[in-house]
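Working through the structure, step by step
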Amino acid sequence: MATRSEIQVTFGKRGYVAPVLVGTEGEHAVDISKLRTETGFITYDEGYANTGSCKSAITYINGEKGILRYRGYPIEELARHSNFIESAYLVIYGELPNASQLERFRNRILENAGIHEALRTIVAGFPMAAHPMAELSAMLNALGCYYPELASNDRKQDLENFDKTTTVLISRIRTLAAMGYRYRNGLPVTYPRRGYNYCENFLHMMFSYPGEDSQIHPDVAKTLDTLMLLHIDHEQNCSTSTVRMVGSGGANLFASVAAGVCALWGPMHGGANQAVVEMLTKIAAEGDDGSKFVERAKSGGERLMGFGHRVYKSYDPRAKILQKQCDKIIEILGREDPLLQIARRLEEIARNDKYFQTRNLYPNVDFYSGIILRALNIPVDMFPVIFAMGRLPGWIAQWKEMAQRPSGRIYRPRQIYIGERERHFVPLTERA
Ligand code: CMC
C-alpha cells in the first residue's frame, strides 16, 4: 500500500489536498479522512458504492474482469484443488496451512462440535415455523453466553482467545444449524462422528436416523463443500460490513457474526438463493417459460433474482463454477429438476436481452446455488443458513482484521439531514 500522489480539490475558498491511496492491484482511492476537519464538507454516497470503508488484505475482486481471489489465490484454483476447511484457514490466517496445521485445525473443529445441553432447550423453544436464519442468529449470540471468557467485549482478551473462538464458531454453527432442522422436523438430535469431514458430518447430522448407518454420498458432500468454499469471503458486502461495524464498537466475535447472519438474511443478499427457487417455482406454476417474467422484471414489476451484482459487471466467477457443479450433481443423482430447465431458459433470455446487457446483469452466485441445494435435499428456508455457514470464516477473518487496526476507531458514518429545521414544543392542549 503506497501513497502515490495527491489530488487538490477546492471547496469555495478552501482547498483540500487529498492523498491518493493505491492498493496492491492498482486500485486508486482518494483519502478524504480529514476533509470535514479542513473544509467543513463531508462526502455523500448512498449505498457506499464509491466508498472504501477499510484497508483489507483478505479478498480481491475485480468486478469488470470477473476476478475473485482469497489472499491472492484465484477462486478457480481453490475450488479445484482445496476444500472448505483448508480455504477457511487460508482466509482467516493469511496462508495455506501445512499438513500439521491443517490436522490441528480440523481436530479442533471436530472436538468442539458438541454443545451445552441447555442450548438444546433454547433451540427446542422456537416455534416450528421460526425462520432458520432468525434461529441461527439468536443461537450464535446465545452460544457466546456459554463462553464468557471468549465473548468478553474486552478487545485484548477477545483477540487473545481468537483461535479458540474461531474453532468453536466454525464447529458449532454446523451443529446449531442441523439441530434446528431436527427440532423443526420432530427428529432426534445427532452429533458428528469421527472419520467424516466437515460437510459429511453436516449432512450426517441433518439426515441420518438413529440406529441406521448414515450413507453420505461423497459427491453430494463434495458439492456442498465447494459451494461453501465459494461463499467464504466477498470483501465489504452488506453482512461483512455489518460484522465489522458491530465489531468496531468493541462487540465480541459471537455478537458480531450473529449480526452478520441478520444482515445476510435479506433477499437482496444471502436470502437471494431462497428467493431464486421461489421465483422459479412461481414461474413454473404460471406455466411460463420465463419470458413473461423477464418482461415484468424489465418494467420494474419484478426483480430477476440471482441476477445482477453491485461489484460484478461481468459473469460472477462463482456462478460459472456453480453452473458446472449444478449440471454435474444433477447428472450424478439422476434427478432432473424442472426448475433447472427454467433457470437455463431464463439465463438465455436475459443474456440476449438489451435491458440486461446494457446494465451488465449476469447470473450471480445465488442463481445456481439454490438448485444445487434443492438437489441435496436442503429445505428452501435453510438455503441462507448454508450461505451463512460458508461465509462465517470470512466474517471471522474480517472481524480480526478490523479488531487489529492500529486506530481502533468505531465505524460511524455521517449523514445529510433533510428533516425539519429547529421548531418549538407545542403542549397537547394547543395542538390542532
Ligand atoms: N432484475 C432486474 N433489474 C435489475 C436487477 C435484477 N435482478 N438488478 C439490477 N437491476 C436493474 C436496476 O433496476 C437498475 O435499473 P435502472 O438503471 O433502470 O434503474 C440497474 O439494473 C442497476 O441496478 P441497481 O439496483 O442500482 O444495482 P445494485 O448494485 O444497487 O444492486 C443487487 C445489486 C444484487 C442488489 C441487484 O442486482 C439485485 O437486487 N439482484 C437480485 C437479488 C440477488 O440476486 N442478490 C444476490 C447478490 S449475490 C450474493 C451476495 O453477494 O449477496
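Shown above is the structure to which this text applies.
Worth saying up front: this structure is predicted, and the values here are computed from it rather than measured.

We now examine the overall build of the chain. Looking only at helices and strands, the chain features 19 helices and six strands. Scaling as 2.2 N^0.38, a compact globule of 432 residues should have a C-alpha radius of gyration of about 22 Å, and the chain matches this with 23 Å. Seen through its principal axes, the chain has C-alpha atoms that stretch 80 × 65 × 55 Å. Expressed as a percentage of its 432 residues, the buried residues of the chain come to 49%.

Moving on: the pattern of salt bridges. A pair can form between side chains of opposite charge whenever their charged atoms are brought close. Taken as a whole and assessed by the stated rule, the structure comprises 17 salt bridges. Among the salt bridges present, the one from Arg345 reaches Asp289, with a minimum N-O distance of 3.1 Å. With Arg345 in helix H16 (residues 338–351) and Asp289 in the loop between helix H13 (272–285) and helix H14 (291–298), this pair connects stretches of sequence that are 56 residues apart. Several salt bridges converge on common partners, so that one network encompasses Lys282, Glu286, Arg296 and Glu302.

By the criterion of burial, helix H3 (residues 84–93) is predominantly enclosed, with nine of the 10 residues buried. For H3, the set of buried residues is Phe84, Ile85, Glu86, Ser87, Ala88, Tyr89, Leu90, Val91 and Ile92. Near the N-terminus of H3, the side chain that reaches the backbone nitrogen of Ile85, with its oxygen 3.2 Å away, is that of Asn83. One or two steps after H3, the chain reaches Gly94, where phi turns positive at roughly 95°.

What follows is about the pairing of strand S5 (residues 67–70). In terms of strand pairing, strand S4 (residues 59–62) meets S5 through four bridges, oriented antiparallel. For Ile61, the partnering residue across the bridge sits in S5 and is Leu68. Linkage of S4 to S5, two consecutive antiparallel strands, is achieved through a turn of four residues, within which Gly66 is found at a positive phi near 70°. Looking at chain direction, S5 and strand S6 (residues 73–74) are connected through two bridges and run antiparallel. Along S6, the bridge assignment pairs Arg69 with Pro74. Hairpin connection from S5 to S6: two residues lie between these consecutive antiparallel strands, with Arg71 at a positive phi of about 50°.

Moving on: the packing of aromatic side chains. Applying the stated criterion to the full structure yields 14 aromatic pairs. Seen in terms of ring centroids, Tyr181 and Phe207 are 5.8 Å apart; in terms of plane orientation they differ by 75°. Their pairing is edge-to-face. Pair noted here: Tyr181 is in helix H8 (residues 162–184) and Phe207 is in helix H9 (residues 198–207), with a separation of 26 residues, a long-range link. Look at Phe207 and you get partly exposed, because its relative accessible area is 26%. Of the aromatic side chains, those joined through ring pairs into one cluster are Tyr89, Tyr93, Phe105, Phe162 and Trp399.

Turning next to the packing of helix H6 (residues 132–145) against helix H12 (residues 253–265). Between H6 and H12, the shortest axis-to-axis distance is 8 Å and the interhelical angle comes to 175°. Judged by the inter-axis angle, H6 sits roughly antiparallel to H12. Contact residues: Met133, Ala134, Leu136, Ser137, Leu140, Asn141, Leu143 and Gly144 in H6; Phe254, Ala255, Val257, Ala258, Val261, Cys262, Leu264 and Trp265 in H12. For the contact of H6 with H12, the residue count by class is 13 nonpolar, three polar and no charged.

As a further point, take the site of the ligand. Close to the ligand lie 18 residues, the nearest being His269, Arg303, Leu304, Gly306 and Arg310. Contact between the ligand and Arg303: an oxygen atom at 2.7 Å from a side-chain N or O atom of the residue. Contact between the ligand and Leu304: a nitrogen atom at 2.7 Å from a main-chain N or O atom of the residue. Summarising the interface, the protein chains cover 73% of the accessible area of the ligand, which totals 930 Å² for the free molecule. Split into classes, the residues belonging to the shell around the ligand amount to nine nonpolar, five polar and four charged.

Attention now goes to the packing of helix H4 (residues 99–111) against H8. For the pair H4 and H8, the least separation of the axes is 8 Å and the interaxial angle reads 55°. Judged on the interaxial angle alone, H8 and H4 are oblique. The element H4 and its partner H8 pack so that their crossing is right-handed. Across the interface between the two elements, Phe105, Arg108 and Ile109 from H4 touch Asp163, Thr166, Thr167, Ile170, Ser171 and Arg174 from H8. Here the contact of H4 with H8 is composed, by residue class, of three nonpolar, three polar and three charged.

Among the nonpolar cores identified, the biggest contains 115 residues, and Tyr198, Phe202 and Ile378 are the most heavily contacted of them. It is helix H19 (residues 383–403) that contributes the most residues to this core, 13 residues altogether. Setting aside residues no more than four positions away along its own chain, Tyr198 makes contact with Phe84, Ile85, Ile109, Ile170, Ile173, Arg174, Met228 and Met389.

Conventions we followed
Residues numbered from 1 in each chain as written. Predicted model: local features only at pLDDT ≥ 70, side-chain atom pairs only at ≥ 80, totals over all residues. Heavy atoms only, no water. Helix = DSSP H or I, 4+ residues; strand = E, 2+ residues; numbered from the N terminus. Rg over C-alpha atoms; globule rule 2.2 N^0.38 Å. Buried < 20%, exposed > 50% of the residue type's maximum accessible area, 1.4 Å probe, protein only. Salt bridge = Lys/Arg side-chain N within 4 Å of Asp/Glu carboxyl O. Polar contact = N/O pair within 3.5 Å; in protein donor to acceptor, adjacent residues only side chain to side chain. Pairing = 2+ DSSP bridges. Phe/Tyr/Trp six-rings, centres within 6.5 Å; stacked < 30°, edge-to-face > 60°. Axes fitted to C-alpha atoms, helices over the stretch in contact; angles between N-to-C directions. Parallel < 35°, antiparallel > 145°, perpendicular 65-115°, else oblique. Contact = heavy atoms within 4.5 Å. Nonpolar A, V, L, I, M, F, W, Y, C, P; charged D, E, K, R; others polar. Near = heavy atom within 4 Å. Areas by Shrake-Rupley, 256 points an atom, 1.4 Å probe, with all protein chains shown as cover. Left-handed = near helix turned anticlockwise from the far one by under 90°. Core = buried A, V, L, I, M, F, W, Y, C linked by side-chain atoms within 4.5 Å.

These figures capture arrangement, not role.
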